[in-house]
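Structural overview for review
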Amino acid sequence: DGPDTSLGEKDWSLRPDSGDVFEGFSTQAEAMKRSPKELLNWLHKAQQHDQVSYQNICAALDSKAPGVTVDIECDTTHGNVGKDSLSASVLRGSETVRSEGGIRLNNGESHSLSLTWAEAFGSAANIKPGFVLKVELYVTKNRWEVGHGFMAPFNGSSPQLTPGDGRYKIKVSV
């Protein structure tokens, strides 16, 4: 669907029901002018509708190589024990790309994991529809496990997770 012709020449817009919208890029340099979040928002639509833009978006994301931050936030721990001892793993599909143990958190505390673009995704071309970056938490003492998966644009929070008696949230940002 094209522009809404009922609008003036300088005030055109896509029709409200025009479907999925993305910005096209004829060169990588043009794509480089946009933020990683914007590029990730358009990645799948460009792949579906415009291969030149898709390739330029992938090249720009790989060139920018933004870092990925995983924040583990403790809402509450077991009242009698104090700090929980956790392990965390970040998975790209079924492959573990980062694991860290000995994370000790109490009420209101948080811990961050930083991943490179290559660790998290390998390449933007690997981010196909349905691609999941999963974060799993384990309570070390009892090996209780919970996890949450994040999809493009890989910015957001998990619902409350309860490995054992504690309550946690995970935030991922690119």
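Look up a bit, the structure's there.
Everything numeric here is computed off the predicted structure, so don't read it as measured data.

So, on to the pairing of strand 3 (residues 95-105). In the sheet, strand 2 (residues 84-92) pairs with strand 3 via eight bridges, with the strands oriented antiparallel. If you follow Arg-92 over to strand 3, its bridge partner there is Glu-95. Two successive antiparallel strands, strand 2 and strand 3, enclose a turn made up of two residues, where Gly-93 displays a positive phi of approximately 65 degrees.

For the structure shown, the criterion picks out five aromatic pairs. Note on Phe-25 and Trp-42: the rings are 6.0 Å apart at their centroids and 45 degrees apart in plane angle, and the pair reads as tilted. Note that Phe-25 is positioned in the segment before helix 1 (28-31) and Trp-42 in helix 2 (residues 36-49), a separation of 17 residues in sequence. Each member of the pair, Phe-25 as well as Trp-42, carries the same accessibility label: buried. Judged by centre distance (5.8 Å) and plane angle (50 degrees), the rings of Phe-121 and Phe-131 are tilted. Taken together, the positions of Phe-121 in helix 4 (residues 117-121) and Phe-131 in the loop between helix 4 and strand 5 (133-139) put the pair ten residues apart, joining distant regions of the chain. Relative accessible area serves as the criterion here: at 0%, Phe-121 is assigned to the buried category. For Phe-131, a relative accessible area of 13% gives the class buried.

Further remarks concern helix 3 (residues 51-64). The end-to-end C-alpha distance of helix 3, which contains 14 residues, comes to 20 Å, matching closely the 20 Å that a straight helix rising 1.5 Å per residue would cover. Listed as buried for helix 3 are Ser-53, Tyr-54, Asn-56, Ile-57, Cys-58, Ala-60 and Leu-61. Lining the buried residues of helix 3 we find helix 1, helix 2 and helix 4. For helix 3, the N-terminal capping position is held by Asp-50, with its side-chain oxygen 3.3 Å away from the main-chain nitrogen of Val-52. Remark: Ala-65 follows helix 3 within two positions and exhibits a positive phi of approximately 45 degrees.

Going residue by residue along strand 8 (residues 167-173), you find Tyr-168, Ile-170 and Val-172 tucked away on one face and Arg-167, Lys-169, Lys-171 and Ser-173 left uncovered on the opposite face. Both strand 7 (residues 156-157) and strand 8 contribute to a ladder of two bridges, which runs antiparallel. Bridge pairing in strand 8 places Ser-157 opposite Lys-171.

Let us now look at the sheet that holds strand 4 (residues 110-115). Across the sheet, four strands lie side by side as 4-1-8-7; this open sheet has antiparallel pairing. Each having just a single partner strand, strand 4 and strand 7 make up the two edges of the open sheet. Pairing of strand 1 (residues 68-76) with strand 8, which is carried by seven bridges, proceeds in the antiparallel orientation. Opposite Thr-69, over in strand 8, you have Ser-173 as the bridge partner.

Next up on the list: helix 2. End to end, helix 2 covers 20 Å across 14 residues, agreeing with the expected 20 Å (1.5 Å per residue, within 8%). The largest bend in helix 2 amounts to roughly 40 degrees and is located at Leu-43. Buried within helix 2 we find Pro-36, Leu-39, Leu-40, Trp-42, Leu-43 and Ala-46. For helix 2, the elements touching its buried residues are helix 1, helix 3 and helix 4.

Rules behind the numbers
- Residues numbered from 1 in each chain as written.
- Predicted model: local features only at pLDDT ≥ 70, side-chain atom pairs only at ≥ 80, totals over all residues.
- Heavy atoms only, no water.
- Pairing = 2+ DSSP bridges.
- Helix = DSSP H or I, 4+ residues; strand = E, 2+ residues; numbered from the N terminus.
- Phe/Tyr/Trp six-rings, centres within 6.5 Å; stacked < 30°, edge-to-face > 60°.
- Buried < 20%, exposed > 50% of the residue type's maximum accessible area, 1.4 Å probe, protein only.
- Expected span 1.5 Å × (residues − 1).
- Contact = heavy atoms within 4.5 Å.
- Polar contact = N/O pair within 3.5 Å; in protein donor to acceptor, adjacent residues only side chain to side chain.
- Bend = angle between axes of the 7 residues up to and from the residue.

This is a description of form; function is not addressed.
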